[in-house]
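So the chains spell out like this:
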Amino acid sequence: MSKSRPCPICRKPRSEEFTPFCSSRCRDRDLAQWFNEGYAVPGPPASESDLAPEE
Ligand SMILES: [Zn+2]
């Protein structure tokens, strides 16, 4: 009924254990990408008010 999709990272057949990835390596890699994207998002200038004692 449903076609089994390949691993989104490397396009290899995915493993049941690590679905939707083919291996723990690809799963970790996906998480790393997530983390990097979130980390790369330009945030507000920030922190100055945190660093400055007061006004
Ligand atoms: Zn993979």
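Predicted, not measured: the structure shown is a model, and the values here were computed from it.

Caption draft 1: Geometry of the overall build of the chain. Each helix and strand in the chain was counted, giving two helices and zero strands. Counting only residues that meet the buried cut, the chain has 11% of its 55 residues in that class. Carbon and sulfur atoms make up 53% of the accessible area of the chain, which amounts to about 5500 Å² in all.

Caption draft 2: Representation of the coordination of the zinc ion within the structure. Donor atoms from the polypeptide that coordinate the zinc ion comprise Cys7 (SG), Cys10 (SG), Cys22 (SG) and Cys26 (SG), at 2.3 Å from the metal. For the zinc ion, the four donor atoms are set out with angles of 101 to 119° between them, so the coordination reads as tetrahedral. Within one chain, the residues serving as donors to the zinc ion are arranged as C-x2-C-x11-C-x3-C. One end of the pair, Cys7, is in the segment before helix 1 (24–40); the other, Cys26, is in helix 1, and 19 residues separate them in sequence. The buried category is assigned to Cys7, whose relative accessible area is 0%. The buried category is assigned to Cys26, whose relative accessible area is 7%.

Caption draft 3: Fine view of the nonpolar core. Within the largest apolar cluster, five residues are counted, these being Cys7, Ile9, Phe21, Cys22 and Cys26. What Phe21 contacts, discounting residues up to four positions off in sequence, is Cys7, Pro8, Ile9, Arg14, Ser15, Cys26, Arg27 and Asp30.

Caption draft 4: Layout of unusual backbone geometry. Of note, the bond from Thr19 into Pro20 is cis; its omega dihedral lies within 30 degrees of zero at 5°. Mapped onto the elements of the fold, Pro20 is located in the segment before helix 1. Even without glycine at this site, Arg11 takes up a positive phi of about 70°. Mapping Arg11 onto the fold places it in the segment before helix 1. By relative accessible area, which is 62% here, Arg11 ends up exposed.

Quick notes on the rules
Residues numbered from 1 in each chain as written. Predicted model: local features only at pLDDT ≥ 70, side-chain atom pairs only at ≥ 80, totals over all residues. Heavy atoms only, no water. Helix = DSSP H or I, 4+ residues; strand = E, 2+ residues; numbered from the N terminus. Buried < 20%, exposed > 50% of the residue type's maximum accessible area, 1.4 Å probe, protein only. Areas by Shrake-Rupley, 256 points an atom, 1.4 Å probe, with all protein chains shown as cover. Donors = N, O, S within 2.8 Å, 3.2 Å for Na, K, Ca; no water. Tetrahedral: all angles 85-135°; square planar, octahedral: opposite > 155°, others 65-115°. Core = buried A, V, L, I, M, F, W, Y, C linked by side-chain atoms within 4.5 Å. Contact = heavy atoms within 4.5 Å.

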